[in-house]
Structure formats: structure tokens, C-alpha cells
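Inside the fold
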2 protein chains.
Amino acid sequence: MKITCTKRELMDAVNIVSKAVAVKPPTPILSGILLSSEGSSLKIEANNLELGIRTKIPANTEIPGSIVVSGKYLQDMSRKLSGDIVSIVYDDEAKVVTLQSDSIAFKLLAFNVEDWVHIKELEPEVSFNLPAVTFKNLIRKTVYACAHDDSRPMFTGCLLQIDGNDITMVGTNTHRIAIMRETIPDSLESMKYIIPSKALGELARLADDSGDNSVTIRCSSKDIDFTFDNIYIKTRLLSGDFPPFEKVIPREATIIARVDTAELLAAIDRVGLISKETDYKTIKFTLGDNRLTLSSTSPEIGNAEESIIAAVEGGEIDISFNVNYLIEALKVIDTKVCVIKLSGRLKPADIREADRDEFIYIVTPIRTN
Amino acid sequence: MKITCTKRELMDAVNIVSKAVAVKPPTPILSGILLSSEGSSLKIEANNLELGIRTKIPANTEIPGSIVVSGKYLQDMSRKLSGDIVSIVYDDEAKVVTLQSDSIAFKLLAFNVEDWVHIKELEPEVSFNLPAVTFKNLIRKTVYACAHDDSRPMFTGCLLQIDGNDITMVGTNTHRIAIMRETIPDSLESMKYIIPSKALGELARLADDSGDNSVTIRCSSKDIDFTFDNIYIKTRLLSGDFPPFEKVIPREATIIARVDTAELLAAIDRVGLISKETDYKTIKFTLGDNRLTLSSTSPEIGNAEESIIAAVEGGEIDISFNVNYLIEALKVIDTKVCVIKLSGRLKPADIREADRDEFIYIVTPIRTN
């Protein structure tokens, strides 16, 4: 292989695929990145078997070919190259790749390209397009709510449910659930998939949601892939029967509070200082008399208390939550005012954007004395 | 105690003393910060027995008093207070300090103020002033070269040596030594002290070197203290016979190279990518024919090579160094061009600023095959 490309495009492309480079790989080849010349393009691919990412950049190809080199070092080197143009030359006999730019030459030992695990072509049962802005919004509003531990793998991903013109994404760790609904212009048949949160995080990072950009999504029974701009991402689907999320949405509320979102978030951030290092990270809400009083206590440190204005209907209550679960939800609320609906101090709370029902966040309170 | 002060001044003062708060204290009181009202000031003090820092801020005192609270939480809280003015009130019976600002009230359990270990007044044998700009420069040019491990505690500090109008600071970890000389307007008697690098780091961070600011330094046989602006810092001196650093400066050089400092630093940063995770972090310099060629090799990764222009006198040589030792020294070289003097591939190298001899950096090469 002998090609040239720009430093900037190489660096950006390597950064794009780098999240699919295995960090502690079962076999060394999974820590590599594939560079493969295809006509006037250079294909760049990483695949850790869970997640595969591929992109391409323009390249001048003198001798075509394919190589695999260390993902970590390719990323570091492409960032540090001093010039604008990079030449990439593979010495077949020495099995060494030379990256040269200006006066610097990096020689990297190549992996055996025959060992590369190509991203297998998906055999689609379903294929559809979503506006990038819709898709990124679905992810942003829900993905943080997924479980981080693998005890029930299904909950480490988000449910994507499509039904006609309705598209819903749901993330939960069983203690709280984030639900986001959007409508799409074209009606689609009903389908349900559980997509790993890691892949969704990459999609949110990489998809450009400006203008009319869209993401093409294709699914088989086991995998899902996403195509947008010059990027292709494929990931395994998670299996499992996602619990019927509609059932956890409380039917009615006895107490409804309307609060300034930014003010509430700032107050929780302050008062939560006391509880953030305690076991249950408990923050207490005391609602009533047009005030929301937030408090937290630690026997070793002390306590904090702050009151903010709240429009409260339905009476008084005190109820405790995990401070992080509140902060994460409030951070994705886009309206100036948020609505907190309660129906008892041990019943799940329902948090929404004011005058909108697209986003619903249900959080189980903490039982306190 | 009942006082008010500004949030900004409290936060800044707590940040100043925070580096003297013990992180893993042998007794809990050392993790605290003392707040003590003195007339129209609030004194703020931390003392981990190695290092003590004290400062003061203006305060309106209604009821004078002294309290000790958790340094960590005081720092977090003073940063998060929402208003401009803070009231600090101590409830003697509950042993609770209330920090109130706007609508937020933090109540912190207080330590027993009787347990506080006050920074002991030093009994000075010597006292002198140094321009802050001179003192900070001495620190900046040498402190990074100190040892980080405690196997020979003396080398975890810098030697401060004064002789008439000459003031010299020296840092070494025995593999490299950084020497910085300055002249001072007033002649002083001869003296030598070894100051812990941690205290020097804080002095460099805190001393304002603008204008004619100066630092007052006082020493006893065991301790040294520094007074500037509103800040007082006291630290233990390190004991030991600092080796005669003049003797390690090579008398003559057979090969002298002059190189653009920024260009050399950038090239070392690039080529060093290969060696930075290897055991000896070796980078090879090959000098001759008006070129300096830098190279590094790792059997597992590959190698890197870059050439830059160098004005070389005296012949050709190749010599290897620890890449970090070079980077750290080049970062404090303030001249466009630096001078590298060599007298053999196993003899210490001497690196200086062009046409200046105030700063001398001697580094032992790595023996390679």
C-alpha cells in the first residue's frame, strides 16, 4: 500500500472509529484499526465484535492495499503529525507501515491483515430513515438512564419502539425510567429493538444533526446498523423482554409542582453536596405553600437546606430521591419550567417538561424515616 | 462566632490554604480549616504539620470567635454558595457552623477548636526579602527536577543557596540536575537551605510576581517561612548534605549544538510517542552535519525518527536520554535557541539557554548498545 491523505481527515477519521477499538482485547487484532485503500478513498475501520465503526476519507492511491495497525498508536500519531499531508506506505517484507509527514516518520509494526475481523454485512429485515435531529434527541433524553452494570444486560441498552408515526426510546436501570416520544413523517410498521447504550452514545457523538441530515437504520434479528454522512456503525442488539414501560407511568397525581428548571438544578447541585458521598445520595423535597424546600443530611458532615419558589397544587408532601437521578433528568429538560407530579411519598414521581408530554421521567423515591 | 464576608474572598482564601489540608490525616483535625475572626478580618489557616498556610480576608464581625470545619467541605461549599455575601454563624451548643448565602444554608459539624494545631511561630535566625519575580523564576526553573520518591528525602526539595548577591536554586533526582542563578540587589550572608518541593510549588502558584512585589523569607534551623501579599506559608526544612552541585557541571565540551528550542521540544514530543510507555523512555540524538536526528524504538510498537536543523560544532555523536527529562528542561528554557554541550556518549550533557548561563541543566545519558 502507498497512499497520501490529509492529516486532518486522517486524524478525524481515526478518532471516529477509535471507540470501537478494543481496550483489553481477547486477541490482539481487535486492538487494531484497518486502513484499506478503495479507489480514491481510504477506508478506516475498527471492530471490537460488539461494536463496529467504519468511515472513509479521500486519498491519493499509488499502490492499493490493506493494513492493520495498533489503534492506540495510530490515534496518537495521527494527532501529532506535524505536516498537512501524510503518506502511508506499507513495506510488505518488513511488515512495517511508515506514516510520514513533514520531517517526522513513524514506523509501526503491522498486524497480520488476514487476521482482521471484518464488520459482517447485516442482512436487513427492516430498513428506514430517521431525521438525525429526531434520532439524536431520542438518545440524549434517555441514554443516561440505562444501567451500567451487566446484571441484567437488557437494561444496559435503550428500547427503540416504532409504531406507525410514533417512535419512542426508553432507558431504565429499574430505579428510574426515561421515556422520549417523537413523531416521524413516514408511517412505519411496528418494531422493537434494544440497542446497547455504548453504540447510542457514539451515534449521539458522531451524527451531524444540522439541516435535513438523516440516519439510515437497518435491522436483522441480531444486529442493527446506522449509516449517515460517511460513517457506518453496526452493533449487536440486546435480547430480552423489555418491561411494558407504559404501565409504570402513574395514572394520576395528587400533588403537582411547577418549578423553574435551572433554579431547581442549581439548588439540587448545592444541597446535594452533602449527600453526594453518602450511600443513598438522598435529597429530600418538602413541597407546600408555594415553596419547594430541598434538604440533605449526613451524620458525619452536617446538612444543607434551600428553598425555591414552586407553584404547588394539591397539598403538602415530603419525599426523598437519589440526587443523581434528579440531576441527570433535569439536565435534559429543555423547557424553562418543569412539572413534578406526585401521588404519595412512596409512590413514583413523574417529571416532565411544562406543557409537553414527549418526555416522561419516572423515578422511585427513597424510603426514609 | 458570627461574621459576614464576600463569597469570592472566602472562596479564594479557602483555595489558597487548601493545599495544606491533610488528605489522609493521622488525626481528623488536620483535615480541617481554621476560621478565626480578628477585628475586621477573618483569618483562614490550614496546617498538615509539614506545611502550614494562612491568609486573611476582610470580614464584618458581630461576635468574634474561632472554629474548625472540614477543609474539603468548606472548599466545596464556598465554591457553590449562590450569593455574593456569606454569613458564618457558630452555634456553640450544637457545635454546628452555618454558612448562609442567598437561599442556601449549609450546616457543618465543627471540629473541637481546642484540638487545632496552630502554625507555630518561627524563631528566625535569618530574615531577608527577595523580589517575587526572582523567587518564582528560581522555583520554576528547578522544582520539576526534584525526586518524587522518598528514598532520599533531601532530593524531594530544592537547595536554596545564597552567597552575597548570588542566589542559586538547585533541584535534582540524581539523574539530572537543574541549576538556576539569579543576582539580588542586597548582599546577604552565606546560607544554604533545602526547601520541600511541595511548598515551593505552592509559593510559585500563590506569589504574585507583578510589579515590585517581594517575598519575605525567614529561617530557623528547622523551618522556613514566606510572607507575601496576605499570605503566610511555613514549611519544615529538609536535612542533609546536598552534594556540591558545581562539581557535576562538565568543565568542557567536545561537541556543541545550537537548536531552536520550540522546534526541538515539538520533535521530542512527537518522536517520544514511541518510547513514552517503554521502561527507559529512551530517545536517541544523532548529531552531525548540521542536523539533529531524533529517534526512538520499541520492539513491540515500531519506531519514530525526525531530523531538525542544528548548528553543530565539534564532530558527530549519538547519545540517548530519558525523553521526559529533556521535555521538562526544554519547557523552562526561555530563549529561542538552546545550547546542548556534549563530551561523550556516556558523559553528562549540559543544556543551557543561548548566550545566558543563569540556567544550567545537566542530564545523565542512557547507556545503549
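What counts and what doesn't
Residues numbered from 1 in each chain as written. Chains lettered and ligands numbered in written order. Predicted model: local features only at pLDDT ≥ 70, side-chain atom pairs only at ≥ 80, totals over all residues. Heavy atoms only, no water. Helix = DSSP H or I, 4+ residues; strand = E, 2+ residues; numbered from the N terminus. Contact = heavy atoms within 4.5 Å. Pairing = 2+ DSSP bridges. Buried < 20%, exposed > 50% of the residue type's maximum accessible area, 1.4 Å probe, protein only. Polar contact = N/O pair within 3.5 Å; in protein donor to acceptor, adjacent residues only side chain to side chain. Buried area = accessible area lost by both parts, 1.4 Å probe. Salt bridge = Lys/Arg side-chain N within 4 Å of Asp/Glu carboxyl O. Nonpolar A, V, L, I, M, F, W, Y, C, P; charged D, E, K, R; others polar. Least-squares fit on C-alpha atoms with pLDDT ≥ 70 in both. Core = buried A, V, L, I, M, F, W, Y, C linked by side-chain atoms within 4.5 Å. Axes fitted to C-alpha atoms, helices over the stretch in contact; angles between N-to-C directions. pLDDT = per-residue confidence, 0-100.

All names here are of chain A. Relative to the helices and strands, K95 is located in the loop between β7 (85–91) and β8 (96–101). In this structure, the C-alpha to C-alpha distance between K95 and K107, residues 12 residues apart in sequence, is 9.9 Å. Those residues in contact with K95, other than ones at most four positions away along the chain, are Y90, L108, L109 and A110.

The next subject is the pairing of strand β9 (residues 104–109) of chain B. Strand direction decides the pairing type here: strand β19 (residues 302–313) of chain A and β9(B), joined by 5 bridges, are antiparallel. Counted as the bridge partner of N303(A) is K107(B) from β9(B). One ladder, built from 6 bridges, connects strand β8 (residues 96–101) of chain B with β9(B); its direction is antiparallel. Residue pairing in the sheet places V96(B) in a bridge with L109(B) of β9(B).

Another point: helix α2 (residues 71–80) of chain A. Since the α-helix packs 3.6 residues into each turn, any two residues three or four apart lie on the same face. Across the 10 residues of α2(A), 7 count as buried, placing the element largely inside the fold. Within α2(A), the full set of buried residues consists of G71(A), Y73(A), L74(A), Q75(A), D76(A), M77(A) and S78(A). Taken together, the buried residues of α2(A) touch α1 (7–17), β2 (32–38), β6 (66–70), β8 and β9 (104–109) of chain A together with α5 (261–275) of chain B.

This part is about the side chain of N137(A). Within the fold, N137(A) resides in helix α3 (residues 132–142). Engagement of the side chain of N137(A) in a polar contact is seen with the side chain of E182(A), the distance being 3.1 Å.

Once that is clear, we can look at the interface of chain A and chain B. Taken together, the 29 residues of chain A in the interface contact 29 residues of chain B. For the pair chain A and chain B, the summed buried surface comes to about 2600 Å²; carbon and sulfur atoms form 56% of the total. Of the charged contacts, one joins D269(B) and K80(A) as a salt bridge, the two residues approaching to 2.9 Å between their closest N and O atoms. Secondary structure elements with two or more residues in the side of chain A that touches chain B: α2, β9, α5 (261–275) and β19 of chain A. Among the residues forming the side of chain A that touches chain B, the class breakdown is 13 nonpolar, 5 polar and 11 charged.

All names here are of chain A. In this sheet, strand β13 (residues 214–219) lies alongside strand β10 (residues 126–131) in antiparallel orientation, the contact comprising 6 bridges. Within β13, the position partnered with V126 by the bridge is C219. Pairing between β13 and strand β14 (residues 223–228): 4 bridges, direction antiparallel. Within β14, the residue paired with I217 across the bridge is F226. Where β13 hands over to β14, the hairpin turn is made up of 3 residues, counted between the paired strands.

Okay, the relation of the copies chain A and chain B next. Between chain A and chain B, the superposition needs a rotation of 180° and an axial shift of 0.0 Å, giving an RMSD of 0.0 Å. Here the symmetry operator amounts to a two-fold rotation axis. Comparing interface residues between copies, 100% of those in chain A also lie at the interface in chain B; the contact surface is shared.

Ranked by internal contacts, the top residues of the largest apolar core, which has 217 residues, are L10(A), I88(A), L264(A), F285(A), I88(B), L264(B) and F285(B). Non-local contacts of I88(A), meaning those with residues more than four positions away in its chain, are made with M1(A), K2(A), I3(A), C5(A), L10(A), L35(A), L42(A), I67(A), V97(A), T98(A) and L99(A).

Next up on the list: the sheet that holds strand β3 (residues 41–47) of chain B. Residues and elements named next belong to chain B. Across the sheet, 8 strands lie side by side as β6-β2-β3-β4-β15-β14-β13-β10; this open sheet has antiparallel pairing. The outermost strands of the open sheet, each flanked by one partner alone, are β6 (66–70) and β10 (126–131). With direction set aside, neighbouring strand axes in the sheet form an average angle of 20°. Judged from the 5 bridges that link them, strand β2 (residues 32–38) and β3 form a sheet pairing that is antiparallel. Within the sheet, the bridge partner assigned to S37 lies in β3 and is L42.

Once that is clear, we can look at the sheet that holds β6(A). Residues and elements named next belong to chain A. Taken in spatial order, the 8 strands line up as β6-β2-β3-β4-β15-β14-β13-β10 in an open sheet, and their pairing is antiparallel. Looking at strand neighbours, the two that pair on one side only are β6 and β10, the edges of this open sheet. The sheet shows a mean angle of 20° between the axes of neighbouring strands, direction not considered. In terms of strand pairing, β14 meets strand β15 (residues 231–236) through 6 bridges, oriented antiparallel. Bridge pairing in β15 places D225 opposite K234. α1 contacts β2, β3 (41–47), β4 (51–58) and β15 of the sheet and is inclined by roughly 170° relative to β4.

One pass over the structure, following the stated rule, counts 52 salt bridges over all chains. The residue K2(A) makes a salt bridge to E62(A) at a minimum N-O spacing of 3.4 Å. With K2(A) in strand β1 (residues 2–6) and E62(A) in strand β5 (residues 60–63), this residue pair connects regions lying 60 residues apart in the sequence. Classification of E62(A) by relative accessible area gives exposed; the value is 59%. Where salt bridges share partners, they join K72(A), D76(A), R79(A), K276(B) and E277(B) into one cluster.

Before going further, it helps to spend a moment on the environment of I57(A). Residues and elements named next belong to chain A. By the secondary structure assignment, I57 is in strand β4. According to the relative accessible area criterion, I57 is buried, its value standing at 7%. Distance from I57 to S37, taken between C-alpha atoms, is 9.7 Å for residues 20 residues apart in sequence. Sequence-distant contacts of I57, that is, excluding residues within four places in its chain, are made with C5, E9, L10, A13, S40, S41, L42 and I44.

What follows is about the confidence of the model for chain A. In this model, chain A carries a mean pLDDT of 96, and residues with pLDDT of at least 70 account for 100%. Predicted as a complex, the structure gets a pTM of 0.92 and an ipTM equal to 0.90.

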